Each structure stands twice: as C-alpha cells, then as structure tokens.
Amino acid sequence: MKNKKHFILVSVKVKNKNKLLLKIYDNGVSIYNIKYYKETLEFEIDVKDYLKLKKYLVSYKFNIKGSTGIYKLFSIIKTKKVFFLNIILAIILLYIFSNIIISVKVIHSKKYIRDIVSNSLEEFDIKKFSWKKNYKELNEIKNKILKKYPKNLEWLEIEKKGMSYVIRVEERIITDIKEDNSLCHVVAKKSGVLRKINYDRGQAIKQEGDYVSEGDILISGEIKFNEEVKNAICASGEVYAEVWYSTSVKLPLNYEKVKKTGKKRYNISWNNTKIFRSRLKNYETKKKKLFKLFGNNIYLLTEYEVEYEYNKYNEKEALNKALELSNNKINLKLNEKEHIIDQKVLKNSINNSTMYVEVFTSVEEIISKQENFIKEEKEVE
C-alpha cells in the first residue's frame with residue numbers, strides 16, 4: 001500500500017506525456033497524483049520504482065523535487081534539526097519546571113513543631129528541588145506524619161502553590177487528664193548502684209549510693225509518718241543507677257576499606273532497569289527519583305567510582321575497634337537520657353586472624369518502673 005512505502009515527488013521534462021506514461025506502465029511501475037504542466041509531467045512514485053525507471057528509461061531526465069508524506073516531515077526535521085531540538089528541550093524544561101518544587105515552608109510559631117514536620121517531610125522526599133507529588137501521595141504522607149506524632153500534632157495540611165509547598169500545622173494540646181486512683185510504688189527493674197533520684201509523687205526510701213536489687217521499692221506510694229501509713233497514692237518518678245553489662249565481640253583482623261576516587265558518572269534508570277551500561281568497574285550508586293511517567297519511576301543515578309584497600313588491624317587498633325563495636329551495641333539499648341560511664345577490656349585472644357574480646361561496660365540507666373499494690377485495710381477490733 002502507498003502509505004507503507006517511501007514516496008518521492010518526481011518531475012520530468014517531456015513533450016509527449018502519454019507516450020512516457022505508457023512506457024512507465026509497460027515497466028510495471030505504479031505512479032500516483034499525476035499532474036500535467038505545459039512542458040513537464042509531475043507524479044509521486046516509490047523510491048524503488050524510481051530507481052527502476054532510471055535504469056530502463058535512460059533517455060528521460062527525472063528530477064526529484066522532494067519526499068512526500070512522513071518522509072517529507074523527516075526531511076524537514078533533518079534540515080531544521082536545531083530548531084526542533086530547541087522545541088523539544090523547551091518542552092522538557094517546561095515539564096520539569098512545572099513539576100519541581102523550589103521551596104517548602106512550614107507555618108507554625110513553635111520551632112520544635114516546625115522541625116518535627118520539616119524532618120518528616122524530608123523523609124518522604126518533600127524538600128527543595130524535589131519532584132511534585134499528586135494529591136493521593138500528599139494525603140498518604142500527611143496521614144503517616146500525623147500517625148507518627150499523635151501526641152504532638154493535631155492537624156496538618158500540605159498545599160501546593162505554584163512551585164512551592166506551604167504546610168500548615170496545629171499542635172495537639174492534651175488537657176483531658178483523667179484522675180488516676182490506682183496505688184503504686186516505683187520499684188527497681190534491675191540491680192545497680194543508685195546515682196540520681198527524681199520523683200514527683202511518693203516517698204523516696206532509698207538514697208544515692210545505695211545498692212538495690214530487682215524488685216526493691218525505690219519510691220513508696222505509702223506516705224508514712226512515725227512508721228504509720230498516713231496516705232496511699234500512685235508514686236511516680238525516675239531513678240537512675242549504675243548498671244553493668246558484659247559483651248562479647250568477634251573482630252576479623254583483616255578488613256576491606258572502600259575509598260572514593262573522586263570520579264563519578266551519571267545514569268538513568270527506568271524503575272530498576274538502567275538505561276546505559278556503567279563505564280566504571282567498581283562503584284557505589286546514589287539514587288534520586290526524578291519523576292513518574294506512565295506509572296513508572298524515572299531515577300537519576302550518580303555512580304561514584306571506588307577502590308578497595310585491604311588492611312590488617314594491629315592489636316591496639318583491634319582493641320579500639322572492639323570497644324567501638326561494643327559501645328554501639330550497648331547504645332542501641334539506651335535512650336537519650338542514658339549513657340555509658342566506662343568501658344574496660346576483660347580479656348582478649350586471637351585465633352585464625354580473628355580477635356575475641358570480652359568488654360565490661362558500666363552504664364547510667366533508668367531502672368525504675370511503676371508497680372501496683374493493694375492498700376491493706378486495718379482490722380476493726
């Protein structure tokens with residue numbers, strides 16, 4: 001069919017036009033859109049048939065005036081490729097700038113509320129020069145942030161304004177405190193030497209420096225005077241004590257160190273499929289989402305070239321590294337109010353290029369917890 005072939009527009013100078021047409025048809029060639037002029041004949045013909053005419057009708061001078069249909073479009077694009085490339089680039093830039101965020105503003109009077117929201121938004125890639133998200137994504141992010149901070153945030157709204165996000169937030173103020181009529185002591189949940197006692201309610205019956213065992217009452221909910229219970233309440237407070245841990249660390253003496261060379265390359269990935277093959281032998285990749293296209297994620301990949309160095313710890317370096325690993329292991333159990341006091345190596349040994357270390361660690365830790373009790377009723381004589 002005509003539209004499946006490469007057609008060109010041909011002009012030939014001829015007096016007897018009908019004679020030429022007969023010769024063309026005798027050679028089994030089809031031509032289209034024939035136009036008669038005073039001294040010339042013009043028609044459209046497939047390129048293959050044109051070459052056939054040139055071969056068999058050598059007495060005629062056929063001139064190509066240009067391509068037709070889609071090939072004419074290709075010809076125009078080829079001759080004006082800079083112009084069309086600029087148009088394509090302009091469309092791409094327009095698409096990018098209409099879908100990128102250049103500022104994120106959180107509106108609230110308290111800095112800690114602004115920090116909570118800003119940090120949470122960054123976790124979901126809502127920040128400067130990030131890609132715009134649709135309404136469904138923004139709503140899901142809003143609900144996740146509110147769920148993460150139920151005691152701090154009452155309400156949150158993310159509004160798109162041009163190339164910016166404006167986030168309005170309300171702090172949750174808890175005023176409905178139910179009266180607690182239960183009775184409780186503050187007791188030790190583990191053994192240790194007391195270092196600090198902070199209590200809001202109740203009567204402290206232990207002092208700093210006392211050694212206590214698990215289950216000992218630290219702050220009593222029974223208020224006594226001259227050994228007589230005058231009142232019973234739910235005691236509350238925090239009690240800090242020095243407690244001890246023994247950790248075992250296994251450390252290979254031979255280790256591999258990764259070092260960046262400073263070279264980097266860029267790549268594009270369609271979901272998890274790279275568009276171009278990497279030109280680096282060993283590299284680490286940093287991935288950043290650019291936009292979503294037809295349900296697929298398009299990522300910019302930055303590939304950093306790395307070199308591997310193979311080293312061996314000496315005994316001093318190995319002990320320091322073992323203490324660091326033990327420190328990290330202990331810190332995973334602690335909150336922001338607790339800390340390590342001291343660490344010591346109890347014993348160490350080396351076997352098959354591996355060091356085995358036992359570390360003793362003293363920690364200042366909250367050892368208090370509330371434990372309910374039942375008030376004893378006096379017998380009526």
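In case you missed it, the structure is sitting above this.
All figures in this text were calculated on a predicted structure; none of them were measured in a lab.

Q: Looking at this model, I keep getting lost on the pairing of strand β11 (residues 192-201). Mind explaining?
A: Working note: regular strand, side chains alternate between the two faces of the sheet. Here β11 pairs with strand β13 (residues 211-212) via two bridges, running antiparallel. For Val193, the partnering residue across the bridge sits in β13 and is Tyr211. Where β11 lies against strand β17 (residues 236-252), seven bridges are found, and the strand directions are antiparallel. In the sheet register, Arg201 faces β17, and the bridge partner there is Ser236.

Q: Would you mind going over the sheet that holds strand β21 (residues 296-312) with me for this structure?
A: The pairing of strands in a sheet comes from backbone hydrogen bonds and takes either a parallel or an antiparallel form. Taken in spatial order, the four strands line up as β19-β18-β21-β20 in an open sheet, and their pairing is antiparallel. Here the strands that pair on one side only, and so sit at the sheet edges, are β19 (273-274) and β20 (283-293). Sheet analysis places strand β18 (residues 254-270) next to β21, joined by 14 bridges and oriented antiparallel. Within β21, the position partnered with Val258 by the bridge is Tyr308.

Q: Honestly, the pattern of salt bridges in this entry has me stumped. Any pointers?
A: Any two side chains of opposite charge can pair, on the condition that their charged atoms come close. Evaluation of the coordinates by the stated rule reveals 16 salt bridges. In this structure, Lys230 and Glu228 form a salt bridge, with 3.5 Å as the shortest nitrogen-oxygen distance. Among the residues examined, Lys230 registers a relative accessible area of 52% and is labelled exposed. With its nearest N and O atoms 3.2 Å apart, the salt bridge here joins Lys274 to Glu303. Residue Lys274 is located in strand β19, and its partner Glu303 is located in strand β21; the two are separated by 29 residues in the primary sequence. Taking relative accessible area as the criterion, Glu303 reaches 1% and is therefore assigned buried. Residues joined by salt bridges that share partners form a network here, namely Arg195, Glu242 and Glu364.

Q: Please clarify how a nonpolar patch on the surface should be interpreted in this entry.
A: Together, Tyr211, Trp244, Leu346 and Phe360 line one region of the surface with nonpolar side chains, adding up to about 410 Å² of accessible area. Among the structural elements, Leu346 can be located in strand β22 (residues 339-351).

Q: It is not clear to me how the state of the cysteines should be interpreted in this structure. Could you clarify?
A: A covalent bond between the sulfur atoms of two cysteines is referred to as a disulfide. What the rule picks out here adds up to one disulfide. Sulfur-sulfur distance for the disulfide between Cys184 and Cys234 comes to 1.8 Å. Here Cys184 and Cys234 share a disulfide; its torsion about the S-S bond, 80°, makes the bridge right-handed. In this pair, Cys184 sits in strand β10 (residues 184-188) while Cys234 sits in the loop between β16 (228-232) and β17, placing the two residues 50 residues apart along the sequence.

Q: Help me understand the side chain of Ser130, please; the structure alone is not making it clear to me.
A: Here Ser130 shows up in strand β7 (residues 130-131). Exposure remark for Ser130: the relative accessible area of 2% places this residue in the buried category. At 3.4 Å, the side chain of Ser130 forms a polar contact with the backbone oxygen of Asp125. For Ser130, the residues in contact, after removing those within four places along its chain, are Asn99, Ile100, Ile101 and Asp125.

Q: Please clarify how helix α5 (residues 111-123) should be interpreted in this entry.
A: An α-helical turn contains 3.6 residues, so any two residues separated by three or four positions project in the same direction. Between the first and last C-alpha of α5 there are 18 Å, a value that for 13 residues agrees with the 18 Å anticipated at 1.5 Å per step. Residues Ile113, Ile116, Val117, Ser120 and Leu121 constitute the buried set of α5. Taken around the axis of α5, the buried residues stretch over an arc of 125°, which confines them to a single face. Counted as exposed and oriented over 90 degrees from the buried face of α5: Lys111 and Glu123.

Q: Just to check I follow, could you spell out unusual backbone geometry for this structure?
A: Backbone phi values are negative for most residues with the exception of glycine, while trans is the configuration of most peptide bonds. Here the phi dihedral of Asn33 falls at roughly 50°; this positive angle occurs in a residue that is not glycine. If you trace the backbone, Asn33 turns up in strand β2 (residues 31-36). One non-glycine residue, Ser353, adopts positive backbone phi at about 60°. Locating Ser353 in the fold gives a position in the loop between β22 and β23 (354-366).

Conventions and cut-offs
Residues numbered from 1 in each chain as written. Predicted model: local features only at pLDDT ≥ 70, side-chain atom pairs only at ≥ 80, totals over all residues. Heavy atoms only, no water. Pairing = 2+ DSSP bridges. Helix = DSSP H or I, 4+ residues; strand = E, 2+ residues; numbered from the N terminus. Salt bridge = Lys/Arg side-chain N within 4 Å of Asp/Glu carboxyl O. Buried < 20%, exposed > 50% of the residue type's maximum accessible area, 1.4 Å probe, protein only. Patch = residues over 30% accessible without salt bridge, like charges linked within 9 Å, V, L, I, M, F, W, Y side chains within 5 Å. Areas by Shrake-Rupley, 256 points an atom, 1.4 Å probe, with all protein chains shown as cover. Disulfide = S-S within 2.5 Å. Polar contact = N/O pair within 3.5 Å; in protein donor to acceptor, adjacent residues only side chain to side chain. Contact = heavy atoms within 4.5 Å. Expected span 1.5 Å × (residues − 1). Arc of directions from axis to C-beta.

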